[in-house]
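Descriptive structure summary
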Amino acid sequence: MIEYALWFAFTCFGIGQLFCLFRLVFAPGVGDRVLALDTMAINMIALIALFGILHDTTMYFEIMMLFAMVGFVSTVAYAKFLLRGDVIE
């Protein structure tokens with residue numbers, strides 16, 4: 001039964017990724033694109049967690065934490081670049 005729930009969750013997050021990709025390509029502004037990239041990173045973290053649960057291993061949870069840190073830093077850096085025009089002061 002848990003496998004059916006996992007595959008349903010994979011499908012839902014995959015559809016969410018496609019919607020975010022659509023928003024990334026056809027967004028009217030740069031802020032919307034940053035938000036779409038951040039949401040794609042969050043959905044990817046969820047997909048990695050589901051993949052780790054499916055394969056019953058903890059290795060994917062470490063990958064998930066690394067992906068979360070890189071996603072956060074990249075979102076903050078891009079937002080700072082949009083506000084100030086420079087990332088490193």
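Quick look at the structure, then. (Residues numbered from 1 in each chain as written. Predicted model: local features only at pLDDT ≥ 70, side-chain atom pairs only at ≥ 80, totals over all residues. Heavy atoms only, no water.)

**Let's talk about the overall build of the protein**
Looking only at helices and strands, one finds 3 helices and 0 strands in the protein. Helices (α) and strands (β) of the protein occur, in sequence order from the N terminus, as α-α-α. Along the first, second and third principal axes, the C-alpha atoms of the protein reach 50 × 30 × 10 Å. Counting every position in the protein, which comprises 89 residues, the buried fraction comes to 24%. Sequence-distant contacts in the protein: of pairs separated by 6 or more residues, those separated by 24 or more amount to 41%. Measuring between centres, the 4 positive side-chain charges of the protein sit 16 Å from its 7 negative side-chain charges. (Helix = DSSP H or I, 4+ residues; strand = E, 2+ residues; numbered from the N terminus. Buried < 20%, exposed > 50% of the residue type's maximum accessible area, 1.4 Å probe, protein only. Contact = heavy atoms within 4.5 Å. Lys, Arg positive; Asp, Glu negative; His and termini not counted. Charge placed at Lys NZ, Arg CZ, Asp CG, Glu CD.)

**Topic: the packing of aromatic side chains**
Per the counting criterion, the structure on display carries 4 aromatic pairs. Look at Trp7 and Phe10: their rings are 5.2 Å apart centre to centre, the planes differ by 45 degrees, and that puts the pair in the tilted class. Taken together, the positions of Trp7 and Phe10, both in helix H1 (residues 2-25) and 3 residues apart, correspond to about one turn of that helix. Relative accessible area serves as the criterion here: at 14%, Phe10 is assigned to the buried category. (Phe/Tyr/Trp six-rings, centres within 6.5 Å; stacked < 30°, edge-to-face > 60°.)

**A few points about the nonpolar core**
Proteins that are soluble and globular tend to have nonpolar side chains buried together. Counting 5 residues, the largest nonpolar core is built from Leu6, Ala9, Phe10, Leu47 and Leu50. Within the residue set of this core, elements represented by two or more residues are H1 and helix H2 (30-55). No other element matches H1, which puts 3 residues into this core. (Core = buried A, V, L, I, M, F, W, Y, C linked by side-chain atoms within 4.5 Å.)

**A few points about the packing of H2 against helix H3 (residues 59-84)**
For the pair H2 and H3, the least separation of the axes is 9 Å and the interaxial angle reads 175 degrees. With respect to each other, H2 and H3 are oriented roughly antiparallel. Of H3, the residues touching H2 (which contributes Val30, Val34, Asp38, Ala41, Met44, Ile45, Ile48, Ala49, Phe51, Gly52, Ile53 and His55) are Tyr60, Phe61, Ile63, Met64, Phe67, Ala68, Thr75, Tyr78 and Leu82. Residues that form the contact of H2 with H3 fall into these classes: 17 nonpolar, 3 polar and 1 charged. (Axes fitted to C-alpha atoms, helices over the stretch in contact; angles between N-to-C directions. Parallel < 35°, antiparallel > 145°, perpendicular 65-115°, else oblique. Nonpolar A, V, L, I, M, F, W, Y, C, P; charged D, E, K, R; others polar.)

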